[in-house]
Amino acid sequence: MARKVTSRRVWVSTTAAWFFGFLIFLPILWMFLTGFKTELDAFAMPPVFLFFHWTTENYATVQGRSDYLHHALNSILIAGGSTLIAMLIAVPAAWSMAFAPTKRTKDVLLWMLSTKMMPPVGVLVPIYLIYRDFGMLDTRAGLVMILCLGNLPIVIWMLFTYFKEIPKDILEAARMDGATIGRELIYVLAPMAIPGLASTLLLNFILAWNEAFWTLNLSTSDAAPLTVFIASYSSPEGLFWAKLSAASTLAIAPIIVLGWFTQRQLVRGLTFGAVK
Amino acid sequence: MATQQTQVLGRALLTPAVALLFIWMIVPLAMTIYFSTLHYSLLDPGTESFVGLENYRYFLTDPAFLTSLRNTLVLVGSVLAITILLGTPLALLIDQPVIGRSVVRLMVIAPFFVMPTVSALVWKNLLMHPVSGLFAWGATLIGATPIDWFTDAPLLAVILIVSWQWLPFATLILLTALQSQDEEQKEAAEMDGASAFSTFLYLTLPHLARPITVVILIETIFLLSVFAEIFVTTGGGPGLQTTNIAFLIYSQALIQFDVGNASAGGLVAVVIANIVAFFLVRIIGRNLEA
């Protein structure tokens, strides 16, 4: 029996939910609007909400003055590179723990997880010195490496929880029919694993894109991704809010859209399967 | 039952990941421990000498450490309180019959995907600016004096920014948990004449106990390391008012170039995080067997 829902109750909860949802979203919306204002309108008091002189000038300035595309490319290469390499290392490891578990598998998993809980600042000094001595400061390769290692535990965990849900009987059946491990991987495992692989890839791309401890500490210009590029706006130089807003909109828009596709995986990925 | 062949293969496939994580964890950590026993300043190279536990004594008795420890605890505690106390009712609300629920969900979850440097600067300049920020305008509307957030209440300003970033996380996890609650149990309670409030108190709240614990532990792990938001808004100031432990260690390492002292501080941070991690790993481990 469905629970009785009065239309009054629907109306009240809908209004309240939309109101609070809008309130939480407001800073992002406000930033988006400010990006299309002149600097004068951006500073106006009382604020102008929709009826201002819309301009796309800020977007041109952001690219012209500080080479936005260079930093966007860095973000794509660093987030993409670190995620892909992490996947290459994690897929075999997760496969092995899900399908050929040993007595120690649980301990290995929890140990991997505990590496993620080490505060990055605890190893800031040695990593910084190693990077300095090997000439890896402000290089894309250096950032790819550190973000890859930092996210590896989450990648392995997410893949492990997905692989575990694949019924083992199917694999046994394939093996009975004489499939080799290679064929088993391609024809049986892959089709069932692709959704899990895709969402792991997506979520970790987002996490790497937004990572702002190592990128701020290990890069300054050549390899600087968007997190660092935006941080350069923290020293004010005259009226710059519309430009800050335009640059910020460019930096977060693609990732918010990707993020909306991964909301469900987000829970799984960030709680390590503790909440389903 | 896995064959011997699969077991050998399994071990071979697992090795690279384990080896990499082991190196990534052990080598830098060992270096941190080693550095922490040295007098070692980058400004004065070639004068490294063994000083035993001197750096720890210095770091732990430094008034800056106590201040930043207090700031860290206030920051973590406040953000946890705000995200749980607002996230729970918000999740309950979205779980109600709401027209256009998926759009509301999208709006609520969005802040989580905003990179920390963007959210900090947008809040600082567009919302919290004492002259032309949205909050200042709101204050004048109700006849109040606008607050100069980063001068008068800098730590509170950082807390609000970080809470906005983590509220979606708490809400989304609690919402996911609510949606897995047994509907029939609630119906039965209602038919037996239970009020909405007692249904919430005796059925929903116990059901949420575990996800809330998970949210607390995971947020704590990440909140202990809040860095970028402080880096771009206050730089730890004014004075030490917004310096947390992570930022203190960063400034000792990369501003004062005191490697020995920063390493000692780094290990203190690792110990604090490990206390939390211990409980989190136990909860997750229990879940792994179920």
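Residues numbered from 1 in each chain as written. Chains lettered and ligands numbered in written order. Predicted model: local features only at pLDDT ≥ 70, side-chain atom pairs only at ≥ 80, totals over all residues.

A word on the overall build of chain B
If you tally the helices and strands in chain B, you get 13 helices and 2 strands. In terms of its C-alpha atoms, chain B occupies a principal-axis envelope of roughly 80 × 75 × 30 Å. The 290 residues of chain B split such that 43% are buried. In chain B, 69% of the contacts between residues at least 6 apart in sequence involve partners at least 24 apart. (Helix = DSSP H or I, 4+ residues; strand = E, 2+ residues; numbered from the N terminus. Buried ≥ 20, exposed ≤ 12 C-beta atoms within 10 Å, placed from the backbone. Contact = placed C-beta atoms within 7 Å.)

Concerning the overall build of chain A
The helix and strand inventory of chain A stands at 13 helices and 0 strands. Listed N to C, the secondary structure of chain A is α-α-α-α-α-α-α-α-α-α-α-α-α in terms of helices and strands. The C-alpha atoms of chain A give a radius of gyration of 23 Å, which is well past the 19 Å a tight globule of 276 residues would have. Residue burial in chain A is summarised as follows: out of 276 residues, 45% are buried. Residue pairs in contact within chain A that sit at least 24 positions apart in sequence constitute 78% of those at least 6 positions apart. (Rg over C-alpha atoms; globule rule 2.2 N^0.38 Å.)

A word on the domain arrangement of chain A
Residues and elements named next belong to chain A. In terms of domain boundaries, chain A breaks down into domain 1 (7–57) and domain 2 (68–271). The distance between the C-alpha centroids of domain 1 and domain 2 comes to 32 Å. Secondary structure elements with two or more residues in the side of domain 1 that touches domain 2: α1 (7–34) and α2 (39–42). The element that contributes the greatest number of residues to the side of domain 1 that touches domain 2 is α1, accounting for 3 residues. Within the side of domain 1 that touches domain 2, the residues separate by chemical class into 4 nonpolar, 3 polar and 2 charged. (Domains from an automatic or database assignment. Nonpolar A, V, L, I, M, F, W, Y, C, P; charged D, E, K, R; others polar.)

Some remarks on the interface of chain B and chain A
One frequently used descriptor of interface size is the decrease in accessible area upon assembly of the parts. Listed by partner, the interface residues are 88 residues for chain B and 89 residues for chain A. Broken down by class, the residue content of the side of chain B that touches chain A amounts to 71 nonpolar, 15 polar and 2 charged.

Here's the deal with the packing of helix α6 (residues 124–133) of chain A against helix α12 (residues 245–254) of chain B
At a minimum axis distance of 10 Å, the contact between α6(A) and α12(B) shows a crossing angle of 35 degrees. Viewed along their axes, α6(A) and α12(B) form a crossing whose handedness is right-handed. From α6(A), Leu124(A), Val125(A) and Tyr128(A) reach across to α12(B), where they touch Ile249(B), Tyr250(B), Ala253(B) and Leu254(B). Broken down by class, the residue content of the contact of α6(A) with α12(B) amounts to 7 nonpolar, no polar and no charged. (Axes fitted to C-alpha atoms, helices over the stretch in contact; angles between N-to-C directions. Left-handed = near helix turned anticlockwise from the far one by under 90°.)

Comments concerning the nonpolar core
Residue and element names in this part refer to chain A. Counting 160 residues, the largest nonpolar core has Ala 90, Ala 94 and Ile 156 as its most contacted members. With 17 residues, the single largest contributor to this core is helix α7 (residues 140–164). Looking at which domains feed residues into this core, each of domain 1 (7–57) and domain 2 (68–271) gives three or more. Sequence-distant contacts of Ala 94, that is, excluding residues within four places in its chain, are made with Ile 156, Leu 159, Phe 160 and Phe 163. (Core = buried A, V, L, I, M, F, W, Y, C linked by C-beta atoms within 7 Å.)

Concerning the packing of helix α8 (residues 154–179) of chain B against helix α10 (residues 196–223) of chain B
All names here are of chain B. Viewed as axis vectors pointing N to C, α8 and α10 meet at an angle of 150 degrees, and their least axial separation amounts to 10 Å. Judged by the inter-axis angle, α8 sits roughly antiparallel to α10. Every pair of crossing elements has a handedness; the one defined by α8 and α10 is right-handed. Of the residues in α10, those in contact with Val 162, Trp 166, Phe 169, Ala 170, Ile 173, Leu 174 and Ala 177 of α8 are His 207, Leu 208, Pro 211, Val 214, Val 215, Glu 219 and Leu 223. Residue classes in the contact of α8 with α10 are distributed as 12 nonpolar, 1 polar and 1 charged. (Parallel < 35°, antiparallel > 145°, perpendicular 65-115°, else oblique.)

Re helix α1 (residues 4–36) of chain B
Given 3.6 residues per turn, any residue in an α-helix points the same way as the ones three and four places further on. Here α1(B) is 33 residues long and its end C-alpha atoms lie 46 Å apart, about the 48 Å a rise of 1.5 Å per residue gives. Thr15(B) marks where α1(B) bends most, by close to 35 degrees; the proline Pro16(B) follows one to four residues later. (Expected span 1.5 Å × (residues − 1). Bend = angle between axes of the 7 residues up to and from the residue.)

Notes on unusual backbone geometry
For Asp138(A), which is not a glycine, the phi torsion comes out positive at approximately 55 degrees. Looking at the element boundaries, Asp138(A) is found in the loop between α6 and α7. Positioned with a positive phi, Phe257(B) is a non-glycine residue whose angle comes to about 55 degrees. Looking at the element boundaries, Phe257(B) is found in the loop between α12 and α13 (259–289). On the basis of neighbour counts, which here come to 15 C-beta atoms within 10 Å, the residue Phe257(B) falls in the partly exposed class.

Some details on the environment of Phe35(B)
Looking at the secondary structure, you find Phe35(B) in helix α1. On the basis of neighbour counts, which here come to 23 C-beta atoms within 10 Å, the residue Phe35(B) falls in the buried class. Taking the C-alpha atoms as reference points, Phe35(B) and Phe247(B), 212 residues apart in sequence, are found 19 Å from one another. Other than its neighbours up to four places away in sequence, Phe35(B) contacts Val125(A), Pro126(A), Tyr40(B), Val259(B), Gly260(B) and Ser263(B).

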